[in-house]
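# Geometric and topological summary
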Amino acid sequence: MSGQIEWAVEMLGITKRFPHVLANDNVTLRVKKNEVHALLGENGAGKSTLMSVLFGSYLPDSGVIKINQKEVHLKNPNDATALGVGMVHQHFKLVENYTVTENIVLGSEPKTRWGLLDLRRAKKEVQDLSDLYGLKVNPDDKIQDITVGMQQRVEILKVLYRKADIIIFDEPTAVLTPQEIDELMEIIRHLQKEGKTILLITHKLNEIKAVAQRCSILRRGQMVDTVDVASASEEKLAELMVGRAVNFHIEKSEAKTGGVVLSVQGLCVQNSRSLAAVDNLSLEVRAGEILGIAGVDGNGQSELVAALTGLAKPSAGKIIFNGKDITSLSIRGRIEAGVACVSEDRRRFGLVSEFTVGENAALKNYYKKFSRKKIFLDAAAMEKNGLELSALFDIRGGSDGAEAGAMSGGNQQKLIIARELSMGASLLIFAQPTRGLDVGAIEFIRKKIIAERDAGKAVLLVSFELDEIMNLCDRIATISKGKIVGTYKAGQVDERQIGLMMAGKSLSEEIA
C-alpha cells in the first residue's frame, strides 16, 4: 500500500444543470490529503457550483462524491459539516448585530446543564481557536464594527469550530486589502501545517503560486487540466483558463488631456457613525485622463464615491461638474448630467438580483429609452439591449430571461460596467472595477477603461489593487484618513512611496 495516494476528496463525473446553463459537465476532481489545491477558471466556469455540490448546497444531477475514499451522499450542508467539510463563502453569512462569538457558535451553541447558551464557555472556545490559528479576533466585537478582513476570519473560525478538516475558500480575497490578502495567505499556510486540506477558488494567479501545490482548471463547465503549480508559469495558467494567451501588460498612449470635468473643493463627508470620513478633500479630473485614488480600504474612498454620485450628502465643500455646482443635485440629475458609476458593491448598489440582464441594463434610463409614451415599459426593447450588451461585453449566463442574481459575480460586474459605459457619460467613476474578475475579464475591462479615456472621457478610478493603479492611471492621488496625502503623475512615484503615503506620510521632500 506504500506510495498509494490518499485522496481527501474525489468528485467523479459530476454534472449539474440549471434551467439556463450547464454549470458542470462531467467534471472529475481529485484532491490529496493535506494539500492546498486551487480551482481556477473564468467567471461562470462552474467553480463555485462544483464546490457547492461538495458542500451539499446543490445536489448533482449525476456523478459520485468520495470523502476520505468513502462514497457519500450529501443532501445538505449539515451532511457535509458532519463529514468534516467546511466552506468559507465569498459573500459572508454573518449576523451584523451579533458578536463574533455569537456568529461562530450559531446553530452549534454550547449549553449549560439547564439547556441555556453557555456564553462564557463559547467565548473561551472561540478565543482558544483564534489563538491556535493566529486569527487574532476579539470574541466580544460586533460584526458591524469590524473590518471585512476580520469578518472573513470569523467565517474561517465558524468552519474550524465545527471541526472541518477539508476547507473550501470561495474567492476569499475578492474584498480584501493587499495587507489582508498577505495575512490570509499566511493563515492558509498555517491551516495546512495543522493538517487541513484546502480547496482554494481564486482568479488571482499570484495567490495560487504563493500557497497551492496543485491547480485544476475549469473552462465553460468542463475540467481542462490539473497541473503542478511549481512547474506552471502564471502565463501558462492564464492560457489554460481562458483558452488563449493573455496580455498582462496594458498598452496605452500618452494621455491627451482637456479641460477640468470634475472639481472637488474642500469636501467633507461623514460616515454612518457620524464621524469624518472625507476630510477637506480636493481634487480635479480632466477630460482624457485617468486619476487613480490609492489607499487602504476604510480611508474615505466609499464615502467620497457616495458623495460624488449623490448617495451621501456632504457636510461641507463643493462638487463642480463641467463648470456647474452639483453638490445638491439629485442622483437622477447627476446621471442625466453625465455622471456614471461602477459601484464597489455590485450586489447592494449595482444591480437588482431578481431582474434580468435587460432590465438591469435599463435601470438608469428606462423612463427615456425603454418606455412607450412614457407610460409603459418596452420589455422587448430592454431584452434586445441586454442581448446586444451581452455580446459586446461577453456577459454569460443571462440568456432566456435568467435573473442576474443567478450569474457569477464576474458576469454581474461586466453587466454593470456595460450599462455604465453605454450611457454616454463624460465622467466615469470606477470603484474596484476588476474585483472578483478573472484575468481575461480584467484584461478586457482595463482595455475598455483606456478606450474611454482615449475617447476624451474623464475617469476616476478607485482601486485597492496597486498594480492596477500603477498601470492604468495617468495621475495618482493617495488617500489616508479621508485626506489626499499627495497627487503625482504616473511614473513619478513607485509602489513603496505610494505605500508610505497610504500610511499618511507626505513624500513632497523625498520626491523634490
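Residues numbered from 1 in each chain as written. Predicted model: local features only at pLDDT ≥ 70, side-chain atom pairs only at ≥ 80, totals over all residues. Heavy atoms only, no water.

### Side note on the packing of helix H4 (residues 119-133) against helix H5 (residues 148-161)
Where H4 meets H5, the axes come as close as 10 Å, and the angle between the chain directions of the two elements is 105°. With respect to H5, the axis of H4 lies roughly perpendicular. Side by side, H4 and H5 meet where Glu125, Leu129, Ser130 and Tyr133 of the first sit next to Leu157, Leu160 and Tyr161 of the second. Class assignment of the residues belonging to the contact of H4 with H5 gives a composition of five nonpolar, one polar and one charged. (Axes fitted to C-alpha atoms, helices over the stretch in contact; angles between N-to-C directions. Helix = DSSP H or I, 4+ residues; strand = E, 2+ residues; numbered from the N terminus. Parallel < 35°, antiparallel > 145°, perpendicular 65-115°, else oblique. Contact = heavy atoms within 4.5 Å. Nonpolar A, V, L, I, M, F, W, Y, C, P; charged D, E, K, R; others polar.)

### Notes on the sheet that holds strand E19 (residues 427-431)
Read across the sheet, six strands follow the order E16-E19-E20-E13-E21-E22 without closing on themselves; strand pairing throughout is mixed. Strands with a single pairing partner mark the edges of an open sheet, and in this sheet they are strand E16 (339-342) and strand E22 (483-489). The sheet shows a mean angle of 15° between the axes of neighbouring strands, direction not considered. Across four bridges, the pairing between E16 and E19 is parallel. Of the residues in E19, the one forming a bridge with Val339 is Leu427. (Pairing = 2+ DSSP bridges.)

### As for the side chain of Asp118
Here Asp118 shows up in the loop between helix H3 (100-105) and H4. For the buried Asp118, no salt bridge is present, and the opposite-charge side chain at shortest range is Arg121, 4.7 Å distant. In this view, Asp118 contacts Pro110, Lys111 and Thr112; residues no more than four positions away in its chain are not counted. (Buried < 20%, exposed > 50% of the residue type's maximum accessible area, 1.4 Å probe, protein only. Lys, Arg positive; Asp, Glu negative; His and termini not counted. Salt bridge = Lys/Arg side-chain N within 4 Å of Asp/Glu carboxyl O.)

### Let's talk about unusual backbone geometry
Positive phi, close to 55°, is recorded for Lys136, a residue that is not glycine. You can see Lys136 is positioned in the loop between H4 and H5. Lys136 gets classed as exposed once you look at its relative accessible area, which sits at 67%. The backbone of Lys163 shows a phi angle near 60°, a positive value even though the residue is not glycine. The residue Lys163 is located in the loop between H5 and strand E7 (166-170) in this model.

### Observations concerning the pairing of strand E12 (residues 276-286)
Taken together, the seven bridges between strand E11 (residues 260-270) and E12 define a ladder with antiparallel strand orientation. Bridge pairing in E12 places Val264 opposite Leu283. Counted along the chain from E11 to the antiparallel partner E12, the turn is five residues long, and its residue Ser274 has a positive phi close to 60°.

### Quick notes on H4
Along its 15 residues, H4 runs 21 Å from first to last C-alpha, staying within 8% of the 21 Å computed at 1.5 Å per residue. Residues of H4 that are buried: Ala122, Val126, Leu129, Ser130 and Tyr133. Along H4, the residues classed as buried sweep out an arc of 100° about the axis, all on the same side. Away from the buried face of H4 by more than 90 degrees, exposed residues Arg120, Lys124 and Asp131 are located. Note on H4: the residue one or two positions beyond its end, Gly134, has a positive phi of about 65°. (Expected span 1.5 Å × (residues − 1). Arc of directions from axis to C-beta.)

### Thoughts on the side chain of Gln301
Among the structural elements, Gln301 can be located in helix H9 (residues 301-309). The exposure class of Gln301 is buried, given its relative accessible area of 4%. With residues near it in sequence (within four places) discarded, Gln301 still touches Ile293, Gly295, Val296, Val462, Phe464 and Ile479.

### Re the packing of aromatic side chains
Scanning the entire structure with this criterion turns up three aromatic pairs. Ring centres of Phe18 and Tyr58 lie 5.1 Å apart, and the angle between their planes is 75°; on these two criteria the pair is classed as edge-to-face. A residue pair is termed long-range when its members are at least 10 positions apart, and Phe18 in strand E1 (residues 7-18) and Tyr58 in the loop between helix H1 (47-54) and strand E4 (62-67) qualify at 40 residues. You can call Phe18 partly exposed: its relative accessible area is 29%. For Tyr58, a relative accessible area of 32% puts it in the partly exposed group. Ring centres of Phe393 and Phe444 lie 5.9 Å apart, and the angle between their planes is 80°; on these two criteria the pair is classed as edge-to-face. On the criterion of sequence distance, the pair formed by Phe393 in helix H14 (residues 379-393) and Phe444 in helix H16 (residues 439-454) is long-range, its members being 51 residues apart. The buried category is assigned to Phe393, whose relative accessible area is 4%. The aromatic ring of Tyr367 is capped on one face by Arg332, whose charged end is 3.7 Å from the ring centroid. Between Lys448 and the ring centre of Phe393, over which it is positioned, the NZ or CZ distance is 4.7 Å. (Phe/Tyr/Trp six-rings, centres within 6.5 Å; stacked < 30°, edge-to-face > 60°. Lys NZ or Arg CZ within 6 Å of the ring centre and 35° of its normal.)

### Structural notes on the sheet that holds strand E10 (residues 222-228)
The six strands lie next to each other as E6-E7-E8-E3-E9-E10, forming an open sheet whose pairing is mixed. Where the open sheet ends on each side, the last strands, each with one partner, are strand E6 (85-88) and E10. With direction set aside, neighbouring strand axes in the sheet form an average angle of 20°. Where strand E3 (residues 36-41) meets strand E9 (residues 214-219), five bridges bridge the pair, whose relative direction is parallel. Following the sheet pairing, His37 is matched in E9 by Arg214. Packed on one face of the sheet, H5 meets E6 and E7 and runs near 170° to E6. Sheet strands in contact with helix H8 (residues 234-242) are E3, E9 and E10, and its direction is about 30° off that of E9.

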